[in-house]
Amino acid sequence: MPVAPSRWSLRTRLLALLMLLLATVSLVIVFVTAVALRGVLVDQLDRRLREASGRWDRPEPTFLQNLPSFPALPALPAPAAADSAATAAADSAATDSAATAAADQPSSLSPQQLRVRRFFRGPVDPGTLGAVVGEDGTYGAFIDTAGEGKELTTAETAVVAGIPAYLRPYTRAFGDQGDYRLLARTTHDDMIVVTGLPMKQVNATLTRMTMIAGVVALVGVAAAAIAGTAIVRVTLRPLRRVAATASRVAELPLDRGEVALSVRVPQVDTDPRTEVGQVGAALNRMLGHIGAALAARHASEMRMRQFLADVSHELRTPLAAISGYAELTRRTREHVPADVTYAMSRVESESARMTALVSDLLLLARLDSGRDLVREPVDVSRLIVNAVNDAHVAAPGHRFALDLPEEPVTVTGDPARLHQVLANLLANARTHTPPGTQVTASLTVSGPTAILAVVDDGPGIPPDLLPEVFQRFARGDSSRSRAAGSTGLGLAIVAAVVEAHHGHVRATSEPGRTAFMVELPRCLPPSETVPSEPARLTGPTHPDRASQPAHR
Ligand SMILES: Nc1ncnc2c1ncn2[C@@H]1O[C@H](COP(=O)(O)OP(=O)(O)OP(=O)(O)O)[C@@H](O)[C@H]1O
Ligand SMILES: [Mg+2]
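Taking an unreviewed UniProt entry as the reference, the protein is identified by name as histidine kinase belonging to Frankia casuarinae. Its UniProt record gives the protein the following Subcellular location (unreviewed entry) comment, quoted word for word: "Cell membrane". Word for word, the UniProt comment on the protein under Cofactor (unreviewed entry) is "a divalent metal cation".

K.L.:
So what exactly am I meant to see when it comes to the overall build of the protein here?
P.N.:
Looking only at helices and strands, one finds 13 helices and 13 strands in the protein. Counting every position in the protein, which comprises 552 residues, the buried fraction comes to 39%. When the accessible surface of the protein is totalled, it reaches about 30,800 Å², and 60% of it is carbon and sulfur.

K.L.:
What am I meant to see in the sheet that holds strand E1 (residues 129–133) here?
P.N.:
Backbone hydrogen bonds hold the strands of a sheet together, and the pairing may be parallel or antiparallel. If you walk across this open sheet you meet the six strands as E3-E2-E1-E6-E5-E4, and the pairing is antiparallel. Where the open sheet ends on each side, the last strands, each with one partner, are strand E3 (149–151) and strand E4 (170–173). Neighbour to neighbour, the strand axes of the sheet diverge by 25 degrees on average, direction disregarded. One ladder, built from three bridges, connects strand E2 (residues 138–143) with E3; its direction is antiparallel. Looking at the pairing, Ile 143 lines up with Gly 149 of E3. Where helix H6 (residues 154–161) meets the sheet, its contacts fall on E1, E2, E4 and strand E6 (192–198), and the angle it forms with E1 comes to roughly 75 degrees.

K.L.:
Help me understand the side chain of Asp 269 in this model?
P.N.:
Relative to the helices and strands, Asp 269 resides in the loop between helix H7 (200–251) and helix H8 (275–331). Using a relative accessible area of 3% as the deciding quantity, one classes Asp 269 as buried. One polar contact links Asp 269 to Arg 241, side chain to side chain, over a distance of 2.6 Å. In this view, Asp 269 contacts Pro 238, Arg 241, Val 242, Val 276, Gly 277, Gly 280 and Ala 281; residues no more than four positions away in its chain are not counted.

K.L.:
Looking at this structure, how should I read the packing of H8 against helix H9 (residues 338–368)?
P.N.:
Two quantities define a packed helix pair, namely the angle between the helix axes and the distance between the axes. For the pair H8 and H9, the least separation of the axes is 8 Å and the interaxial angle reads 155 degrees. With respect to their mutual orientation, H8 and H9 come out roughly antiparallel. For H8 against H9, the interelement crossing comes out left-handed. Here the residues of the contact of H8 with H9 sort into 13 nonpolar, seven polar and seven charged.

K.L.:
What is the right way to read the site of ligand 1 from this model?
P.N.:
Around ligand 1 there are 22 residues in total, and Asn 428, His 432, Ser 486, Thr 487 and Leu 491 lie nearest to it. Side-chain polar atom of Asn 428 to an oxygen atom of ligand 1: 2.8 Å apart, as the coordinates give it. Burial of ligand 1 by the surrounding chains reaches 97%, relative to a free accessible area of 590 Å². If you list the elements that add at least two residues to the shell around ligand 1, you get helix H11 (415–431), helix H13 (490–500) and strand E13 (513–521).

K.L.:
Help me understand unusual backbone geometry in this model?
P.N.:
For residues that are not glycine, phi is negative in most cases, and the peptide bond is trans in most cases. Residue Phe 473 is not a glycine yet carries a positive backbone phi of 60 degrees. Locating Phe 473 in the fold gives a position in the loop between strand E11 (449–456) and helix H12 (479–483). Positive phi is not limited to glycine here, since His 502 has a value of about 60 degrees. Topologically, His 502 is positioned in the loop between H13 and strand E12 (504–510).

K.L.:
Please clarify how the packing of aromatic side chains should be interpreted in this entry.
P.N.:
The geometry of an aromatic ring pair is captured by two quantities: the separation of the ring centres and the angle between the planes. A full pass over the atoms with the stated rule returns two aromatic pairs. Both rings, one in Phe 174 and one in Tyr 180, keep their centres 5.5 Å apart while their planes meet at 85 degrees; by these two values the pair is edge-to-face. There is no split in this pair, since Phe 174 and Tyr 180 are both buried. When the ring of Phe 470 is compared with that of Phe 516, the centres are 6.2 Å apart and the planes differ by 90 degrees; the resulting orientation is edge-to-face. Remark: Phe 516 occurs in strand E13 and Phe 470 occurs in the loop between E11 and H12; sequence separation between them is 46 residues. Given a relative accessible area of 6%, Phe 516 falls into the buried group.

K.L.:
Is there a simple way to explain helix H1 (residues 10–55) in this structure?
P.N.:
With 46 residues, H1 extends 67 Å between its outermost C-alpha atoms, agreeing within 8% with the 68 Å of an ideal straight helix rising 1.5 Å per residue. For H1, the full list of buried residues reads Leu 15, Met 19, Ser 26, Val 30, Ala 34, Leu 41, Val 42, Leu 45, Asp 46, Leu 49, Ala 52 and Ser 53. Contacts from the buried residues of H1 go to strand E5 (179–186), E6 and H7.

Scoring rules and cut-offs
Residues numbered from 1 in each chain as written. Chains lettered and ligands numbered in written order. Predicted model: local features only at pLDDT ≥ 70, side-chain atom pairs only at ≥ 80, totals over all residues. Heavy atoms only, no water. UniProt positions renumbered as here; feature names shortened; annotations may be inferred. Helix = DSSP H or I, 4+ residues; strand = E, 2+ residues; numbered from the N terminus. Buried < 20%, exposed > 50% of the residue type's maximum accessible area, 1.4 Å probe, protein only. Areas by Shrake-Rupley, 256 points an atom, 1.4 Å probe, with all protein chains shown as cover. Pairing = 2+ DSSP bridges. Axes fitted to C-alpha atoms, helices over the stretch in contact; angles between N-to-C directions. Contact = heavy atoms within 4.5 Å. Polar contact = N/O pair within 3.5 Å; in protein donor to acceptor, adjacent residues only side chain to side chain. Parallel < 35°, antiparallel > 145°, perpendicular 65-115°, else oblique. Left-handed = near helix turned anticlockwise from the far one by under 90°. Nonpolar A, V, L, I, M, F, W, Y, C, P; charged D, E, K, R; others polar. Near = heavy atom within 4 Å. Phe/Tyr/Trp six-rings, centres within 6.5 Å; stacked < 30°, edge-to-face > 60°. Expected span 1.5 Å × (residues − 1).

Quick look at the structure:
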C-alpha cells in the first residue's frame, strides 16, 4: 500500500524534494534554451529570407499574363514553346541547380514545371517559395528540396495572398510542406511579391536539441538521485547514531533500583555547530539530567528503606516488652478486675498484630535491598504439604486439597521465604473466603519452571482491586478483610519474594474461582536436587511466621 508523503522518512522526503527541484530546474532550462535557440534560428532564417527576397524579382507582366491564375490572358503555348522557354530559363539562371537540371532534360519538364522555372528568375535555394499577388490574381510556386518546381495549390495561394506587406516575416503552415517563413513586399507597380523559406530545418534542429537536452536532463536527474541518496544517507548517519542512543536508553529499566545511566551520544555527534550535533548535545544534557535525578531518587529510596528497616527493627524490642508485660499481668495470681483483664488482652493481641506488621515491613525492606536471602535447594512438594497442613489446622471449616506430581520438585531459594509465600496465599484463601470454601494447592512442572497454584472457589477479588493486588497496602474493604485485621502486605511480600527468586506471580479472579500462580525456575539438572523426606502431617516448622496470628 502506498504511504502518504507526510509519513515518508526524512531521507525519502529530502530526496523527493531534491529530485522535484532538479527536474523542474532542468525543464525550465530546456524550455528557455529551446525558446532562445528558436529565436536565434528564426533570426538567421529571416536574414536568409530577406536576402532571398532581394535576389529575385517578380517575372515580366507577359509571363503573368500567360498564367492560368491570371485568367484574363490566354494560356501558355504548346510544349515546343515550353522547351525554348526552358532554355531561356537555363540561360538566365546559370547558378540555379534546378534550372540546370531542367536544361539538361528539357523534354521531361511539364508545362507547370516550365512555368515555375520561368517564374524564379534569379538564383534560388531549394525550398524557396515565391508568389506574386496582383489585382488580377495570385500565382505562387516553390522549389522543393529535390530542386523540383511546384505550383501552389489554391488553398496555399490563398494563404500567401493573406500575408500583409509590412516588410516583416510571418510564419504560416503549408500542409505537407510544413511551416514557412513568408515575407511580402510591394513592387513599384503595386504588385505584392511574397518570398518564403521553409522552417523544416529550424524545427528539426529545435526538436533534436530539445531531445538531446531532455535526455541529458533525465540522465542528470537520475545521477543526482543516486548521488543524493548516498549523500543524504551519509549526512543522516549521525542522526541515526543519536536515535540509536535514545533507543538504548529506552531499553534500560529505569523504573526501579540503582540505574547507571552511562549511555551517551558519541562525542563526534555533539558538535553544536551542526544541527545533529545540537540534538546530540541536547540529548546528552537531558541524559545527564535524568541520570542525576534517578541517582537522587535512588538515594532517597535507599534512605527511606534504611529508615523503614531501622524503625521496624527498633520497634521490635519495645513491642516484645509490651506483649511480655501484658502476658505477665495475665499470669499474676493477684485478683485483676475483669475490665483490666480485657484491656490487657487487647493490648496483647494488638501488640501481636503490630509485631506481625513490623516484621512484614522489615522483611520487605530487606527484600528491597536484596539482602537476607538464603539460596539452597528447596523441595517445593514438601513445602506445599507443610503449608497446607498448617492452613488446615488454622481453618478447619475450609476444605483443603493437594495436587502434587509423583516426583519431588526442587527449586533453589530460601525455604523460609518460600514457605511464607505459600502461607500468605493459603492465609488469603481462608481469610477472604467463607467457611466451606474449597482450596486446592497444586504443583506442576513445565520445562524448566515449577508452577505452584493456590486456587479457591470463594467470592473472588473485587475487579477494581485485582490489577493492584500485589501493591503494598492494597486490600479489599470487605467486612471479612477488616475482621481478619488485614494489612494489605501479604501479597506484596509474595511478589517481592518470588521476584527475588527470579520467578513470576500472577492472579486471576472471578466469583467462584480465584487462582494465584507462582512460577519459579527449577533446580536443574535433577541430579542436584536434595532427596525429599516423606511428607508428614506436622505443625508449622518455619521460623518466621509460625508465631503469627492464625491467618498468617
Ligand atoms: N483468595 C482471595 N479471595 C478473595 N480476595 C482475596 C484473596 N486473596 C487476596 N484477596 C484480596 O486481596 C487483598 C490483598 O491481599 P493481601 O494478602 O495482600 O492483604 P491482606 O490479606 O488484606 O492482608 P495481610 O495478608 O497483610 O494480612 C485482600 O485484602 C483481599 O481483599
Ligand atoms: Mg493476606
